[in-house]
Amino acid sequence: MSGRQKADLYRRYMAADRAYRQHAVTCTVCTRTDPAPDCRVGARRHESFSTLQAAYLNTL
């Protein structure tokens, strides 16, 4: 993976983290670290974050 691709993956990973954390602040059932089982938006955002985080960490 090139440095540019790695940097892009990192930016996407951080954007997904911000999106989930912003959601968790306003959601009444999600926590900062875990989505609630019945919150589709939180689950989707957290899954995106987790997938991108794993992909990025695998490049290190």
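## Let's talk about helix α2 (residues 40-59)
At step 1: Spanning 20 residues, α2 covers 29 Å between terminal C-alpha atoms, matching the ideal 28 Å at 1.5 Å per step.
At step 2: All buried positions along α2 are accounted for by Gly42, His46, Phe49, Leu52 and Tyr56. On an axial view of α2, the arc spanned by its buried residues comes to 135°, and they lie on one face. Relative to its buried face, α2 has exposed residues pointing more than 90 degrees away, namely Arg40, Arg44, Glu47 and Asn58.
At step 3: Buried residues along α2 sit in contact with α1 (3-26).

## Remarks on the side chain of histidine 46
At step 1: Structurally, the position occupied by histidine 46 is in helix α2.
At step 2: The class for histidine 46 is buried, based on a relative accessible area of 17%.
At step 3: Discounting chain neighbours no more than four positions away, the residues touching histidine 46 are Tyr20, Thr33 and Pro35.

## Quick look at the packing of aromatic side chains
At step 1: Per the stated rule, a full pass over the model turns up four aromatic pairs.
At step 2: Ring centres 5.6 Å apart and planes at 25° place the aromatic pair tyrosine 13 and tyrosine 56 in the stacked group. With tyrosine 13 in helix α1 and tyrosine 56 in helix α2, this pair connects stretches of sequence that are 43 residues apart. Of the two residues, tyrosine 13 and tyrosine 56, neither departs from the other in class, the shared state being buried.
At step 3: Three or more aromatic residues joined by ring pairs make a cluster, and in this case those are Tyr10, Tyr13, Phe49 and Tyr56.

## Digging into the packing of α1 against α2
At step 1: Relative to each other, α1 and α2 sit at 150°, their axes nearing to 8 Å. Comparing the axis directions of α1 and α2 gives the class roughly antiparallel. As α1 packs across α2, the resulting crossing turns out to be left-handed. Residue-level contacts link Lys6, Leu9, Tyr10, Arg12, Tyr13, Ala16, Asp17, Ala19, Tyr20 and His23 of α1 to Val41, Gly42, Arg45, His46, Ser48, Phe49, Leu52, Gln53, Ala55, Tyr56 and Thr59 of α2.
At step 2: Grouping the constituent residues of the contact of α1 with α2 by class yields eleven nonpolar, six polar and four charged.

Conventions used here
Residues numbered from 1 in each chain as written. Predicted model: local features only at pLDDT ≥ 70, side-chain atom pairs only at ≥ 80, totals over all residues. Heavy atoms only, no water. Helix = DSSP H or I, 4+ residues; strand = E, 2+ residues; numbered from the N terminus. Expected span 1.5 Å × (residues − 1). Buried < 20%, exposed > 50% of the residue type's maximum accessible area, 1.4 Å probe, protein only. Arc of directions from axis to C-beta. Contact = heavy atoms within 4.5 Å. Phe/Tyr/Trp six-rings, centres within 6.5 Å; stacked < 30°, edge-to-face > 60°. Axes fitted to C-alpha atoms, helices over the stretch in contact; angles between N-to-C directions. Parallel < 35°, antiparallel > 145°, perpendicular 65-115°, else oblique. Left-handed = near helix turned anticlockwise from the far one by under 90°. Nonpolar A, V, L, I, M, F, W, Y, C, P; charged D, E, K, R; others polar.

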